[in-house]
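Chain and residue survey
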Amino acid sequence: MDSEVPFYALSITEAWKTWKWAERFPGHEEIRRYFQHCDKVLDLSKDAFFNTIVTEARYDVDSLKWTIKTNTGGTAYATYLIMATGSSYKTHIPGFEGLSNYKGILLHSSAWPKEQMNVIGKRVGVIGNGATGVQIVQTLAQEGCELTTFIRTPNVALPMRQRQLTDDEQNVSKGFYESLYASTRNTIAGFPFNSVKKASIWDATPEERLELFNELWDRGGFNFTVGNFRDYLRDKKANAIFYDFWAQKVRARITDPWKRDVVAPLEQTQYFGTKRPSLERDYYEALDQPNVTVVSLKKTPLVRFEENGIRTTEKLHEFDIVVLATGFNAVTGSLTEMDLYDTEGRTVRDKWRDGVYTYLGLTIPKMPNLFMVYSPQAPTAFANGTPVIEIQIDWIADVITKMREENIRAITPRFEAADEWRSNIQSMNQNTLHIYSDSWYMGSNIPGKKREQLLYLGGLGTYNRVTKEALDGWKGFELTRT
Ligand code: NA7
């Protein structure tokens with residue numbers, strides 16, 4: 001994972017008190033064990049139906065209940081419906097010409113087999129180099145295969161600086177966990193990094209800037225982005241300074257001049273940080289290995305899939321295995337691809353065709369008592385996931401308690417409130433460099449999806465305060481009491 005211990009974990013005392021992490025950035029096996037641990041100490045499984053897909057949900061205005069249907073033929077009824085359906089759930093498989101003609105093994109990264117795949121001596125192609133592609137490439141490059149990575153936009157990956165954690169150091173730092181977790185809620189991105197003494201990059205001398213950049217780079221993880229000057233996402237010249245520093249650092253790790261120019265070109269071709277920077281271990285050294293071929297899809301575009309592999313404008317690349325690390329219909333896909341009906345019989349898919357409308361990133365007009373977490377128009381992927389979710393879940397619990405106390409049967413956000421929430425996000429976005437990027441933050445990784453900022457830009461601390469304030473007098477909500 002790309003968020004470090006202990007911040008990307010539940011702040012619930014029972015969950016951390018009896019748990020020890022092995023690594024600063026835990027791998028998937030450790031995360032699975034952590035989930036099992038949380039299940040055990042919080043006794044969660046007893047309330048869950050596993051391997052069940054919700055296919056439809058409708059609200060009945062007479063009974064004031066949601067009716068939820070599943071692919072197993074089950075029906076459930078609920079007074080409150082919480083959509084905790086995730087941000088990266090609906091896979092994106094681009095409509096490559098001839099894809100079905102390919103006869104080798106083809107898999108999307110989200111369907112990665114649980115048992116490690118044997119790739120020794122195989123020809124493996126990987127399309128995509130987001131967070132997933134980077135991890136797959138740096139891992140498979142060491143496993144004795146002939147690897148080809150197809151790169152459209154190079155990743156501006158940052159050094160992770162993975163390390164093992166000792167029991168002793170965790171025991172000692174647990175003395176500070178409560179205040180550390182509490183402080184994440186008042187930060188911009190859900191990590192309690194030191195704040196930069198000078199708000200703008202232009203307030204620092206070039207020497208001060210370089211000193212800070214090197215210090216943050218050496219600390220690893222998201223220090224370089226989250227702990228740095230904040231104007232790189234608004235100011236093109238500041239952004240260029242970030243990019244140039246990054247490119248120099250990365251280029252020094254690649255000996256092959258052609259590969260170097262594809263993955264870290266001297267000339268800036270994208271705004272740094274407007275696509276999610278991934279954390280890497282030895283990605284650039286891996287790309288440099290002789291068993292790894294780098295194909296620039298900008299220089300030699302993909303033409304089609306054929307029986308034996310992938311044809312670009314240069315040649316046919318033959319493969320035994322092709323991995324599509326091509327991402328997700330992120331942020332909204334799990335909600336729009338389900339038949340989720342409002343009180344007028346319109347699906348969320350239809351309602352959001354020309355733009356997402358939520359109030360507070362937590363509720364949707366004409367959908368009474370429906371709540372979302374890790375959701376569109378909330379800080380979600382712009383902040384550390386766990387405090388985002390905890391803030392939202394606490395808000396929902398406060399809402400339900402307040403409804404019971406005040407004898408309210410249903411709350412529904414007014415359209416005007418959602419419209420204002422949406423407008424604020426989009427107008428803030430106009431002052432950022434995100435508007436230039438075809439990223440999943442902007443919905444523009446999916447053909448036909450409305451291009452707009454899908455996430456709240458005001459920071460986690462402000463989001464926490466603003467959502468709480470809305471509860472005072474039920475600002476923006478219609479109430480049903482009988
Ligand atoms: P991402 O970050 O959406 O990355 C998808 C990658 O696939 C990215 O490099 C894309 O290039 C590439 N892609 C997508 N479609 C195509 C086509 N048609 N041709 C060539 N290349 C393509 O998904 P991930 O799974 O890596 O990560 C998702 C998030 O999960 C991650 O950020 C973390 O928050 C967790 P592009 O950049 O569009 O040129």
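Notes on the structure follow. Note that the coordinates shown come from a computational prediction; the quantities given were computed from them, not determined experimentally.

With that settled, consider the environment of Leu457. Tracing the chain through its elements places Leu457 in the loop between helix H14 (415-429) and helix H15 (460-471). Residues Leu457 and Asp438, spaced 19 residues apart in sequence, show a C-alpha to C-alpha distance of 17 Å. Beyond its immediate chain neighbours, meaning those up to four positions away, Leu457 contacts Phe382, Ile425, Met428, Asn429 and His434.

The local shell around the ligand holds 19 residues, among which Asn129, Thr132, Arg152, Thr153 and Lys275 are the closest. Here an oxygen atom of the ligand sits 2.6 Å away from a polar atom, N or O, in the side chain of Lys275. Backbone polar atom of Ala325 to an oxygen atom of the ligand: 3.2 Å apart, as the coordinates give it. Across the complex, the protein chains shield 83% of the 780 Å² of accessible surface that the ligand would expose by itself. Looking at the shell around the ligand, its residues break down into eight nonpolar, eight polar and three charged.

A few words on the pattern of salt bridges. Enumeration according to the criterion identifies 29 salt bridges in this entry. Between Glu390 and Arg185 there is a salt bridge, and its shortest N-O distance comes to 3.5 Å. One end of the pair, Glu390, is in helix H13 (residues 385-405); the other, Arg185, is in the loop between helix H5 (177-184) and helix H6 (206-219), with 205 residues separating them in the sequence. Considered together, Glu390 and Arg185 belong to a single accessibility category, that of buried residues. The salt bridge partner of Lys366 is Glu344, with a shortest N-O separation of 3.5 Å.

Taken as a whole and assessed by the stated rule, the structure comprises 38 aromatic pairs. With a centroid separation of 4.7 Å and 40° between ring planes, the pair formed by Trp21 and Tyr34 is classed as tilted. Remark: Tyr34 occurs in helix H2 (residues 28-42) and Trp21 occurs in the loop between helix H1 (13-17) and H2; sequence separation between them is 13 residues. Its relative accessible area of 5% is what places Tyr34 among the buried residues. Judged by centre distance (6.0 Å) and plane angle (90°), the ring pair of Phe224 and Phe272 falls under edge-to-face. One end of the pair, Phe224, is in helix H7 (residues 223-226); the other, Phe272, is in the loop between helix H9 (257-263) and strand S9 (279-280), with 48 residues separating them in the sequence. An identical accessibility class is assigned to Phe224 and Phe272; each is buried. An aromatic cluster is defined as three or more aromatic residues linked by ring pairs; in this entry it consists of Phe213, Trp217, Phe224, Tyr232, Phe242, Phe245 and Phe272. For the cation-ring pair, Arg422 lies above Tyr357, with the distance from its terminal atom to the ring centre recorded as 4.9 Å.

This part is about a nonpolar patch on the surface. The grouping of Ile82, Ile389 and Ile393 at the surface amounts to a nonpolar patch, some 210 Å² of accessible area in total. Along the chain, the position of Ile82 falls in strand S4 (residues 81-83).

In this model H13 runs 30 Å from its N-terminal to its C-terminal C-alpha over 21 residues, within 8% of the 30 Å that 1.5 Å per residue would give. In the stretch just after H13, Asn407 is the one whose phi turns positive, near 60°.

Let us look at the packing of H13 against H15. The interhelical angle for the contact between H13 and H15, taken along N-to-C directions, is 5°, at an axis separation of 11 Å. Classified by the angle their axes make, H13 and H15 are roughly parallel. Along its contact with H13, which presents Pro387, Val388, Ile391, Gln392, Trp395, Asp398, Val399 and Lys402, the element H15 presents Leu460, Tyr463, Asn464, Thr467, Lys468 and Leu471. When its residues are assigned to classes, the contact of H13 with H15 shows eight nonpolar, three polar and three charged.

Here we have five strands laid out as an open sheet, ordered S5-S14-S6-S7-S10, and parallel in their pairing. Whereas interior strands pair on both sides, the edge strands pair on one side only; in this sheet they are strand S5 (105-108) and strand S10 (292-296). This sheet shows a mean twist of 15° between the axes of neighbouring strands, independent of strand direction. Inspection of the sheet shows S5 paired to strand S14 (residues 321-324) by four bridges, in the parallel sense. What sits directly across from Leu106, in S14, is Val322.

Read from one edge to the other, the open sheet built from three strands follows the order S11-S12-S13, with strand pairing classed as antiparallel. Two strands close off the open sheet at either side, each with one partner strand: strand S11 (302-306) and strand S13 (316-318). Within this sheet the neighbouring strands show an average axis-to-axis angle of 25°, counted without direction. In this sheet, strand S12 (residues 309-312) lies alongside S11 in antiparallel orientation, the contact comprising four bridges. Along S12, the bridge assignment pairs Leu302 with Thr312.

This part takes up the side chain of Ser296. Tracing the sequence through the fold places Ser296 in strand S10. At a separation of 3.1 Å, a polar atom in the side chain of Ser296 contacts the main-chain amide nitrogen of Lys299. Setting aside chain neighbours within four positions, we find Ser296 in contact with Ile151, Trp258 and Val262.

Between H6 and helix H8 (residues 236-251), whose axes approach to 12 Å, the crossing angle comes to 55°. Judged by the inter-axis angle, H6 sits oblique to H8. Considering only the axes of H6 and H8, their crossing is right-handed. In contact with Arg209, Leu210, Phe213, Asn214 and Trp217 of H6, H8 contributes Ile241, Phe242, Phe245, Trp246 and Lys249. Split by residue class, the contact of H6 with H8 holds seven nonpolar, one polar and two charged.

Now for the nonpolar core. In this structure, Val124, Leu147, Phe224, Trp246, Phe272 and Tyr284 are the most contacted members of the largest nonpolar core, which totals 55 residues. The element best represented in this core is H8, accounting for eight residues. Counting 28 residues, the second largest nonpolar core, distinct from the first, contains Leu362, Ile391, Val399 and Ile400.

Now for the pairing of strand S7 (residues 146-151). Most of S7 sits inside the fold, with five of its six residues counted as buried. Two strands pair when backbone bridges link them, and strand S6 (residues 123-127) and S7 are joined in this way by five bridges, in the parallel orientation. From the neighbouring strand, Val124 faces S7, where its bridge partner is Leu147. In terms of handedness, the path from S6 via helix H3 (residues 131-140) over to S7 forms a crossover that is right-handed. Across five bridges, S7 lies against S10 in parallel orientation. Across the sheet, residue Leu147 finds its bridge partner in S10, namely Val292.

Calculation notes
- Residues numbered from 1 in each chain as written.
- Predicted model: local features only at pLDDT ≥ 70, side-chain atom pairs only at ≥ 80, totals over all residues.
- Heavy atoms only, no water.
- Helix = DSSP H or I, 4+ residues; strand = E, 2+ residues; numbered from the N terminus.
- Contact = heavy atoms within 4.5 Å.
- Near = heavy atom within 4 Å.
- Polar contact = N/O pair within 3.5 Å; in protein donor to acceptor, adjacent residues only side chain to side chain.
- Areas by Shrake-Rupley, 256 points an atom, 1.4 Å probe, with all protein chains shown as cover.
- Nonpolar A, V, L, I, M, F, W, Y, C, P; charged D, E, K, R; others polar.
- Salt bridge = Lys/Arg side-chain N within 4 Å of Asp/Glu carboxyl O.
- Buried < 20%, exposed > 50% of the residue type's maximum accessible area, 1.4 Å probe, protein only.
- Phe/Tyr/Trp six-rings, centres within 6.5 Å; stacked < 30°, edge-to-face > 60°.
- Lys NZ or Arg CZ within 6 Å of the ring centre and 35° of its normal.
- Patch = residues over 30% accessible without salt bridge, like charges linked within 9 Å, V, L, I, M, F, W, Y side chains within 5 Å.
- Expected span 1.5 Å × (residues − 1).
- Axes fitted to C-alpha atoms, helices over the stretch in contact; angles between N-to-C directions.
- Parallel < 35°, antiparallel > 145°, perpendicular 65-115°, else oblique.
- Pairing = 2+ DSSP bridges.
- Left-handed = near helix turned anticlockwise from the far one by under 90°.
- Core = buried A, V, L, I, M, F, W, Y, C linked by side-chain atoms within 4.5 Å.
- Right-handed = clockwise from strand over helix to strand, strands pointing away.

Interpretation in functional terms is not warranted from these geometric data alone.
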